[in-house]
Structure formats: structure tokens, C-alpha cells
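One letter stands for each residue in the lines below.
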Amino acid sequence: MTTANASILLIYTGGTIGMIENPVTGALENFSFDRLRQHIPELGRFDFSIDSFQFDPPIDSSDMEPEAWQRLVRIISDNYDRYSGFVILHGTDTMAYTASALSFMLKGLDKPVILTGSQLPIGVLRTDGRENLLTSIEIAATRDDEGRALVPEVCIFFENHLMRGNRTTKINAENFNAFRSSNYPVLAKAGIHIKYYNTARRFSGVEEGLQPQYSMDSNVVVLKLFPGIKEQVVASILGIEGLKGVVLETYGSGNAPRKEWLVNLISDACRRGIVVVNVTQCNGGTVEMERYETGYQLLQAGVISGYDSTTESAVTKLMFLLGHGCSPEDIRARMNSSMAGEITL
Ligand code: ASP
């Protein structure tokens, strides 16, 4: 393994890592990448080149939109041949959505794209940002003895864990270990040494080189079931004009209450060409609609299994497939297959 002759593009989108307290309101606000660089002089100690690109103005990741994902894809694709890896500094709030979206949009990716950020701003003494950033850069720069990237996929690195991006969820608003990949093992752990497991996985299209994909259609909704959910609520959501896809967050292994109105509304939506994908509200485990009658009724109504997908991944995959003009039948087929390691079949 080596980082010799690596070159990294650091893309700064914003987030806590580069924020500072407003002296008047006390709220955290963004500051420029140059200030961030001043706070981490260690960036100058790597023995390979690091260039940077910054979103101007940097954004709190709550303001992330598909347009910003498109921008990231454009930056990576325009600079793809010049760099051996990419590190994206991003707010933690929507990082798992961006990582999932990029995993689908960067078709044929053969280089590391690592997202990281922090829970405490870089100017704060106990910040987790320095460690997260420096190790992300090191991982993005690491290649095997044949010169091929060790982790040629979109990942999140946080609190010593490298995770497949489209498998992650933000699970904690307080602790440094803010992300979890419940249904897929970590790709690397950083201690005294960085230990890699299960890496060098390349997804379809890699032989043809990077084929950036830009279209996303956000006419989708996440509908989370809860005991007592009202018929009018479900009817209004499924009746939204222009709605094309629903991520249905169900109980356990994909179960829903046995209410005739619910099944009727869902099967009517499926008949109207709305794609309904079943993901579980549980942190870990998979949807198995054949297991209980309460799940089987959804299967019969035309609902597609999201397997062990995170909500973030299911939403962005739907946006991607809808954005690429796939028919409900195509989407059904693509949801039943893994595009970038997002589900276990
Ligand atoms: N609100 C911030 C953001 O997501 C939180 C963070 O960076 O951790 O941009």
C-alpha cells in the first residue's frame, strides 16, 4: 500500500467543521476554506499534493439539494483524471443522503470519494474535525501495489470508521460516532494503523470509465407509518399531484396495519404508476414481506421491497431512477438489484 504520487482534491461544501460562533447570536455560521486551512496546518505535511475547491458560500447541509449533488458530480467528473481521490467536507445532517446520491450518480467510479465532517467546529479545542479530515485524506490517497485505489467507492469516514456511503445513517446528534452502517460491515478502521476490510469492490460500469449521471427527480415522499395514522393523511399524501415515488417506512420486517383503506390506497397508487418501496423503520435488518400477513398484503398491493436499504439510499435511488425516465417496471427491476452495493440480496 502506498500514498506515493497521490493527488487529492478537497471539496469544501460547508458544515460544522468549518463553522464559527456568531459573537452576537451565538449560532454557528460558515467561514471560508482558507480559515479552515489555517486551523489545520498539518494539511501541509502530507507528501502528496492537495488542492481545494470551495462552495461559495459554504452551506449548512440542511440546505443540500439535488442541484448541489449535480455540482459535486460535475466537479469530480471535470477533475477526474487529474486526481487520485476526492474528499468532500460536508455537514453531517444530510451527509448520508449526499453519499447515497453520489454513489448512484458517479457511475463507473474507480477512485475514492470520501465524505467527512465533524460534530465540533475545527476551531474548538476538542474538535473531531482534524482527525476525520486528515484520515480521510490518507485513505483517499492510498493505493495498492498495482497503483489501484484501495477504496474505489463513495464512503463516509467518521470517528475512525470508514463506511460505504449508501449504507450509512446519521444516528447521533451529540456523540462523535454520529454515523452507523447497520447492514453492512465497515470498510476500514483507523487506529494506530488503518486496517482495511472487504475493500476494492468495484461496481458495474467501471470498465467504461466514469459516466457522470445528473438527472434526479425529487417527486418522491417518505411516508412513515405509526399506530393511529389517519386515512385522510395517507390519502392526501398518495394523492399529491405529480407524485412518482414513495418510500414507505414500515414496521419490523416490512409490516403495516391490516386496514382495508390502507391497502386500497396503496394498491390504487401502484395502479396509477406510483412506485412504492418498502423499507423498515428498524435500524438493522431487512424487509421480508412474505414473512407475515401484515407484510404480504403490501406485496399483493404492488409494493416493492427495499430489502435492507436505508431510507436515505431508497429515496435517492428512486430520485435517480425516476430522473432517468425509468418506467415503473424498470424501477421495480432496478430496485431488485444492487447498483452500488446499497442492498444485500
Ligand atoms: N447543521 C450542520 C450541517 O449539517 C451539522 C454538522 O455539520 O454536523 O451542516
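Now for a description of the structure that goes with this document. (Residues numbered from 1 in each chain as written. Predicted model: local features only at pLDDT ≥ 70, side-chain atom pairs only at ≥ 80, totals over all residues. Heavy atoms only, no water.)

1. What about the site of the ligand?
Then step 1. Taken together, the residues surrounding the ligand are Gly15, Thr16, Asp60, Ser61, Gly91, Thr92, Asp93, Ser118 and Gln119.
Then step 2. In this structure, a nitrogen atom belonging to the ligand sits 2.8 Å away from a side-chain N or O atom of Asp93.
Then step 3. Between Ser118 and the ligand, the recorded distance is 3.3 Å, taken from a backbone N or O atom to an oxygen atom.
Then step 4. Protein contacts shield 90% of the accessible area of the ligand, which totals 270 Å² for the unbound molecule.
Then step 5. The residue makeup of the shell around the ligand, split by class, is no nonpolar, seven polar and two charged. (Near = heavy atom within 4 Å. Polar contact = N/O pair within 3.5 Å; in protein donor to acceptor, adjacent residues only side chain to side chain. Areas by Shrake-Rupley, 256 points an atom, 1.4 Å probe, with all protein chains shown as cover. Nonpolar A, V, L, I, M, F, W, Y, C, P; charged D, E, K, R; others polar.)

2. Brief notes about the packing of helix H8 (residues 311-323) against helix H9 (residues 328-335)
Then step 1. One can describe the packing of H8 onto H9 by two numbers: an axis separation of 10 Å at closest approach and a directional angle of 140°. Relative to H9, the element H8 is oriented oblique. Seen from above, H8 lies across H9 with right-handed handedness. Taking contact as the criterion, the partners of Ala314, Lys317, Leu318, Phe320, Leu321 and Leu322 in H8 are, on H9, Ile331, Arg334 and Met335.
Then step 2. Of the residues that constitute the contact of H8 with H9, the class distribution is seven nonpolar, no polar and two charged. (Axes fitted to C-alpha atoms, helices over the stretch in contact; angles between N-to-C directions. Helix = DSSP H or I, 4+ residues; strand = E, 2+ residues; numbered from the N terminus. Parallel < 35°, antiparallel > 145°, perpendicular 65-115°, else oblique. Left-handed = near helix turned anticlockwise from the far one by under 90°. Contact = heavy atoms within 4.5 Å.)

3. A word on the sheet that holds strand S16 (residues 245-250)
Then step 1. The strand order across the open sheet formed by four strands is S15-S16-S17-S18, and the pairing between neighbours is parallel. The open sheet terminates on both sides in strands that have one partner only, identified here as strand S15 (220-224) and strand S18 (304-305).
Then step 2. Those strands touched by H8 are S15, S16 and strand S17 (275-280), and its axis lies near 165° from that of S16. (Pairing = 2+ DSSP bridges.)

4. Brief notes about the sheet that holds strand S12 (residues 188-190)
Then step 1. The strand order across the open sheet formed by eight strands is S4-S1-S5-S7-S8-S9-S12-S13, and the pairing between neighbours is mixed. Strand pairing shows two members of the sheet lacking a second neighbour, strand S4 (49-54) and strand S13 (194-196), which therefore form its edges. This sheet shows a mean twist of 20° between the axes of neighbouring strands, independent of strand direction.
Then step 2. Where strand S7 (residues 113-116) meets strand S8 (residues 154-158), three bridges bridge the pair, whose relative direction is parallel. Within the sheet, the bridge partner assigned to Val113 lies in S8 and is Val154.

5. Observations concerning the packing of helix H2 (residues 66-78) against helix H3 (residues 95-105)
Then step 1. The interhelical angle for the contact between H2 and H3, taken along N-to-C directions, is 50°, at an axis separation of 10 Å. With respect to each other, H2 and H3 are oriented oblique. Between H2 and H3 lies a crossing of right-handed hand. Counting all contacts with H2, which are made through Trp69, Gln70, Leu72 and Val73, the residues of H3 involved are Tyr97, Thr98, Ala101, Leu102 and Met105.
Then step 2. Considering only residue class, the contact of H2 with H3 consists of seven nonpolar, two polar and no charged.

6. Re the packing of aromatic side chains
Then step 1. Applying the stated criterion to the full structure yields five aromatic pairs.
Then step 2. A centroid spacing of 6.3 Å and a plane angle of 45° characterise the contact between Phe104 and Phe320, whose relative ring orientation is tilted. With a gap of 216 residues between them, Phe104 in helix H3 and Phe320 in helix H8 connect regions that are remote in the sequence.
Then step 3. Judged by its relative accessible area of 3%, Phe320 is buried.
Then step 4. Here the aromatic rings of Phe158 and Phe179 are separated by 5.1 Å at their centres, their planes lie at 65°, and the arrangement is edge-to-face. On the criterion of sequence distance, the pair formed by Phe158 in strand S8 and Phe179 in strand S11 (residues 179-180) is long-range, its members being 21 residues apart. Taken as a pair, Phe158 and Phe179 share a single burial class, namely buried.
Then step 5. Chaining the aromatic ring pairs together yields one cluster made of Tyr80, Tyr83 and Phe86.
Then step 6. In this arrangement the basic side chain of Arg74 is found over the ring face of Tyr214, its NZ or CZ atom lying 4.4 Å from the centre.
Then step 7. Lys111 extends its terminal NZ or CZ atom over the ring of Tyr80, reaching a point 4.6 Å from the ring centre. (Phe/Tyr/Trp six-rings, centres within 6.5 Å; stacked < 30°, edge-to-face > 60°. Buried < 20%, exposed > 50% of the residue type's maximum accessible area, 1.4 Å probe, protein only. Lys NZ or Arg CZ within 6 Å of the ring centre and 35° of its normal.)

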